[in-house]
Structure formats: C-alpha cells, structure tokens
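# Examination of the molecular architecture
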Amino acid sequence: MKVTRIEVYPVSIPYRDPGALAEAGYHVILKVFTDDGIIGLGEAATGAASVRVFQARDISEIEHFFGPKVIGQNPFNLEKIIGDFQMETTVAKHQMSPTAASAILDALYDIMGKATNRPLYELLGGAVRKRFGVTRSLDDKPLTEMAKDALRLKELGYKTITIKIGDDPDSDLKKVAAIRKAVGDDCPLEADASGGYTPDVAIRTIRKMEAYNISAVEQPCLGMDLDGMAEVARAVDTSIIADESAITLSDVMEIVKRRAADVICLKPAKSGGIYISKKMAVVAEAAGIPCSMGSRHPFGIGAAVIHHFTASTPCLKPPIGYGSPLERLVDDIVVNPCIMKDGEVSVPEGPGL
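In this report, we go over the structure that sits alongside the text. (Residues numbered from 1 in each chain as written. Predicted model: local features only at pLDDT ≥ 70, side-chain atom pairs only at ≥ 80, totals over all residues. Heavy atoms only, no water.)

## Quick look at the overall build of the chain
A count of helices and strands for the chain gives 12 helices and 12 strands. The C-alpha atoms of the chain give a radius of gyration of 20 Å, which matches the 20 Å a tight globule of 353 residues would have. With the principal axes as the frame, the chain shows a C-alpha extent of 60 × 40 × 40 Å. In the chain, the proportion of contacts linking residues at least 24 apart, taken out of those at least 6 apart, comes to 72%. Split by element, the accessible area of the chain, about 14,800 Å² in all, is 53% carbon and sulfur. (Helix = DSSP H or I, 4+ residues; strand = E, 2+ residues; numbered from the N terminus. Rg over C-alpha atoms; globule rule 2.2 N^0.38 Å. Contact = heavy atoms within 4.5 Å. Areas by Shrake-Rupley, 256 points an atom, 1.4 Å probe, with all protein chains shown as cover.)

So, in structure tokens, the structure goes:
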C-alpha cells in the first residue's frame, strides 16, 4: 500500500459563545488517498485562539512540505516518515508546524485502522478504558456570570471545572472563591494560569488557593521556565501540571529530570500527533508521572484522536479536557458526532479513527 495523493480543505465552524474565545475554529481537514482505495482523514486543530493565518500556515505546510514527503510512502512506515520530516527540517532549518504534522500522521493511523478493519485504539495497545469523564474550562466573564456557568457545568455532569487565572493574583483568588461557593465542596476545581505568574507570585497565590481545595494548577510559570516550574512544584501541596512546557519528547525528558511538574498535559495536535505523543506518555510513565489530556478544540476527527489516545494510554488519567465538539461549536463535520452524556464520552468503535 502506498499514499498516492492528498487533498486539503480549510474548514471553519463558529463558536457557540464567540465573544469568549474566538469567532470560529479555523482548522484544516485533509484526506490521504492510497492505491488500495483507502482514504485516511486528519485534522490540524489550531486551537481556541485560532485565526486564519494559522490555518493558512498549516495548509502551506501540508501542501508544500509534509504532503510531498508522504506521497509514495507506505502508511505503516511511521518511523521512516517521521525521520524524513525531522531530517528535512534539520537540513533546511525549517520550523515544523506540529499541528500540520499531526494532521498527516493521524490520517496515516486512520488508514492503518481501516486497512486492518480495527478501531484505532486496538493498534495503539488496546483499550484500558472505553468511557471517560470530561472536564470543562470556564470562559472569563464577570464573577456572577462565571459562578452561574460553573453551576450549570456541574449540573451537566462535567467531572472537573477549570478556572482561567494568571492575570492578577487578587482577582484570581476572588474567582476561585466565588466559583467554589457556587458549586459546593463536592465539585473538583482546577486552575490554569497559562504561564501568567512568576515563581514567587505563583507560590504565594497557590498557597492561598489551597484553602478552596484546588486539585491542580496548570502551567503557573512560562513554558520555558522549567526551573521556575520546579520551584513552584516543590513549594506547594497542590499538583502542578505542565502544558506549554511539554511540547516535544525532549521537553518531557527535561521535566522529568528537573521534577518540574507533577502531571504532564498531552495534546496530540500540539506535539505532532498520536505517534509522538505516545512516546511522550511512555517517558512520563517510566518516571512515574501521570498525564492529563487537553485539547485544541478540534472538530470530530481531532476529537476521535483524543478519545482513541485516551482509551489506549494507561498513564493518562481521566477526566479529559475535551468530550464533544458540540460542547463548544455550533456544528461538527462528521455524520455521527460524538455526544457527551452525563459528563462522559465513549471511544469510537468503527475502523480507524
């Protein structure tokens, strides 16, 4: 079997609440054709803050860089294909787009599943779980509205609610206090600082937040500041999650060496797809560090990637950061979209993704 051609489609879907995030998700969908007649699907999900320039970048990457390297290749030869990508980027000093790479490589996985007539999780080691809970981040609004939104999410069955912090410690503490009061003591809360604090501010602020039973704080310091992350992780009782600090396999190695986080947040779209993310999970597992699952607000194809990865990765601990695109977006691109019920979703059972 060989790849014969690739078709690329820019697709945008509006957000249900466009003012809070972005007007729409501007993603890239692709079809990878083979000489056996099997077509693999992939998605480059550019994230909640996506804009058309990222979409145009990924289209260019796929059409002019990744696509030509895959034509004529056996889809099962992932190691060779990834090696070719990396060699070319090294020689040309080309900055590889991980979202574009993930679209190509995940489409090859879709082909493998369809060729063997098996759901993808069976090719990734088999399922350790087939149904899992979902978390949800609160949009940043006035406190009274955020409190109402948090209570609504709890009633919908979300297993953990994430509060965006990192702008101002005093207002962040007020957010956490108001939302804890709204949802009660039985609803798990996390906070995501998106690298907004310096280490000293993070330590002071997280210690105060511990009075409100925050289970974890994601990325308290800048992604590049692993020393600062390690300082915070040593100083507080709350679990520290690395997100922007964990983009590549070597990033995970450095986090492990420095003990810069208690949990590593994986997002296949940000790291080049399933195959590379699996390697990142193995390194974390060997170090005894659990993983969480985030997202970049993908459409149905990217959501299936997240669910197959979650089903087949033992060190990844649900709940996960994304259930169904219909939670965020006005529509989806698949015929039978994933539906969240009672705060949980299930892994797809058809061939491939």
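So, next bit.
## With respect to the layout of surface pockets
When its volume is computed, the second largest pocket comes out at roughly 470 Å³. If you go around the second largest pocket, you meet 24 residues; those closest to its centre are Gly300, Ile301, Ala304, Val334 and Leu353. Among the secondary structure elements, those contributing two or more residues to the lining of the second largest pocket are strand S2 (24–34), helix H3 (98–116) and helix H12 (300–312). At five residues, the largest contribution of residues to the lining of the second largest pocket is made by H12. A class-by-class count of the residues in the lining of the second largest pocket yields 15 nonpolar, five polar and four charged. (1 Å grid on protein atoms, 1.4 Å probe; cavity = no way out; pocket = protein on both sides within 12 Å on 5 of 7 lines; lining within 4 Å. Points joined across faces, edges and corners; volume = space filled by probe spheres on them. Nonpolar A, V, L, I, M, F, W, Y, C, P; charged D, E, K, R; others polar.)

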